[in-house]
Amino acid sequence: MSDKTRLGLALLGSALFLGLLGDELLRATPLGLNAFLWIATLCAVVVLLARRIGTSLSGGRVWMIPTLVLFSALLVWRDSAWLVALDLFAIVVALSLGALRSPRPVRQAGLTDYMVGLAHAGAAASGKAMTLMQEDIDWDEVPRGQAGRQALAVGRGLMLAAPLVFLFGALFVAADSVFQDYVRSAVPDPRNLLLHVALVALFGWVSAGLVREYLFKPKPVEASVEPWFRLGATELTVVLALLDLLFLAFVLVQLRYLFGGASLVEDRTHLTYAEYARHGFFELVTVAALVLPVLLLADWARRRDPARRDRLFQILAGALILLLFVIMASALQRMRLYQREYGLTELRVYATGVMLWLAVVFVWAGFTVLRGRRDLFAVGALVSGFAAILAINVVNPDALIARTNLNRPNLDLPYLMQLSDDATPELVKALPTLEPRLREQVAFELEYRMQTQPDWRTWNLSRHRAQKALKDLP
């Protein structure tokens, strides 16, 4: 048997194991310890098989493994659906790291390289298992001698034993209720058998494709895209200059009214300061999010002119970023005033987090794109994105929202009760400080969060702490 076939069979066996493990672990919801164990096992299989064939993980695969372990571990930490979605997004992006095809080092991979890597990771998960079975394994080399005959004998024995085991097992089940309970817990319900088979096949198929993708070093592919149109210095100067003037006009209004105090706003708009701040925050977040692709597109499509014209582009683009920082400060000021008047929500917290991350990305764009080092931009944006997701997990938004809103006079109890178990310890801790009527309502709502028999597969630190706090309820 050739080494290629041996490796293919080992990979196929590993995929079957991951499929069975995925069915056992990930069938239970919500995600928690089960997701971490499965992803960690997937990483271990990749590392062990790479050692077996004497190859080392290189390029994006080196960074993929710890990133997958980190963000799958965060699923064991927090319970918020928003955080789970962000952690899963980070896991998907990490999977694309391992599928990078760029001939350049990871730190110099561009945005297009990461998009190509994501496409290859998706293609591997959906179709590389077929390549494994058709091309990597030469089925004519699989032994069919004594071992094959022995396998056939075992199969015939199983077929002969099956009706006898079924007959006597059915009689034993009918004879003893305790044995019946054991059998029901050990033998899958026929109605769920199809689901088990489907899950094993799904996770096994995905695992086979991903492991094969990460195990073999791919052929480098240059993914840079040349512009199909070019913008001259004059066109770009007009565009950026007009944007700078528009942004400057808005900034002057913000400096006068938003930062000038409540009296100016109330006299001019006939709105309270908080009502004025309430409008426009999400529009300003959208502005900040749109400026980034505009600048990247302008830098990508601009015609490289002599140094003087490049310098003009850098000045105008840099001025736009500086003006945008003032607008982002205005948006954050609006959110502060809004929060002081109306409290926090998940959308407000995460939108603020996106704004702060965009500020970091714009600083990085100034140091890279505007200084002619566009090749370093993508990795910095990626690392800052990973760091932002980690930071928001550390902040624990649901607990922050509960702490903030519980100190407000007009408590929105229905909204607080919709928060995840990340907020439960804060709610329990605040019970003694609430007025009696409100305390009874909160305690009554919290009782519904008690779990009698939690599944170990879905174990999560926040849910564990929540259950521990709920046990202390009077």
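Residue numbering note: each chain is counted from 1, following its sequence as written. For a predicted model such as this one, the threshold for reporting local features is a pLDDT of at least 70, and the threshold for listing and counting side-chain atom pairs is 80 or more; totals across whole chains, interfaces and linings nevertheless cover every residue. Note that water and hydrogens are dropped before the side-chain values are worked out from all heavy atoms of the structure.

Pulling in residues and values, what's your account of helix 15 (residues 377-395)?
End to end, helix 15 covers 26 Å across 19 residues, agreeing with the expected 27 Å (1.5 Å per residue, within 8%). Partly exposed residues are those whose accessible area sits between 20% and 50% of the maximum for their type, while under 20% is buried and over 50% is exposed, using a 1.4 Å probe and protein chains only. Elements are defined by DSSP. Helices are runs of H or I of four residues or more, strands are runs of E of two residues or more, and each kind is numbered from the N terminus. Buried within helix 15 are the following residues: F377, A378, V379, G380, A381, L382, S384, G385, F386, I389, I392 and N393. We call two residues contacting when some pair of their heavy atoms lies within 4.5 Å. Tucked inside the fold, the buried residues of helix 15 contact helix 3 (60-74), helix 4 (81-97), helix 5 (111-136), helix 12 (281-301), helix 14 (346-368) and helix 16 (397-406). N396 occupies a position one or two residues after helix 15 and carries a positive phi of about 60 degrees. Take the number of residues in a helix, subtract one, and multiply by 1.5 Å to get its expected span.

Hey, could you go over the packing of helix 4 against helix 14 for me, with residue numbers and the actual values?
Axis geometry follows a simple rule: fit a line to the C-alpha atoms, using only the stretch in contact for helices, then measure angles between N-to-C directions, giving values from 0 to 180 degrees. One way to put it is that helix 4 packs onto helix 14 with a least axis distance of 11 Å and a crossing angle of 35 degrees. Residue-level inspection shows W82, L83 and L86 of helix 4 in contact with helix 14, the latter providing E346, L347 and Y350. Partitioned by chemical class, the residues of the contact of helix 4 with helix 14 number five nonpolar, no polar and one charged. Under the scheme applied here, ten amino acids are nonpolar (Ala, Val, Leu, Ile, Met, Phe, Trp, Tyr, Cys and Pro), four are charged (Asp, Glu, Lys and Arg), and all others, including Gly, are polar.

Give me the packing of aromatic side chains: which residues, what numbers.
Pairing of aromatic rings covers Phe, Tyr and Trp, the last through its six-membered ring, and needs centres within 6.5 Å; plane angles under 30 degrees mean stacked, over 60 mean edge-to-face, and all others mean tilted. Under the criterion given, the structure shown has three aromatic pairs. Arranged with centres 5.7 Å apart and planes meeting at 55 degrees, the rings of W38 and F203 form a pair that is tilted. With a gap of 165 residues between them, W38 in helix 2 (residues 33-52) and F203 in helix 8 (residues 190-215) connect regions that are remote in the sequence. Among the residues examined, F203 registers a relative accessible area of 16% and is labelled buried. Ring geometry for F71 against F386: centres 5.4 Å apart, planes inclined by 45 degrees, an arrangement best described as tilted.

Go over a nonpolar patch on the surface, please, and point to the residues and values.
Nonpolar side chains (Val, Leu, Ile, Met, Phe, Trp, Tyr) are joined into patches within 5 Å and like charges within 9 Å, using only residues with over 30% relative accessible area and no salt bridge. Residue exposure ignores everything except the shown protein chains as possible cover, and the areas themselves are Shrake-Rupley values with a 1.4 Å probe. Salt bridges are identified by distance alone: a Lys or Arg side-chain nitrogen within 4 Å of an Asp or Glu carboxyl oxygen. On the surface, L164, L167, F168, L171, F172 and F179 cluster together into a nonpolar patch covering about 610 Å² of accessible area. A per-element tally of the nonpolar patch places helix 6 (residues 146-175) first, with five residues. With respect to the secondary-structure elements, F179 resides in helix 7 (residues 177-186). Note on F179: relative accessible area 35%, which makes it partly exposed.

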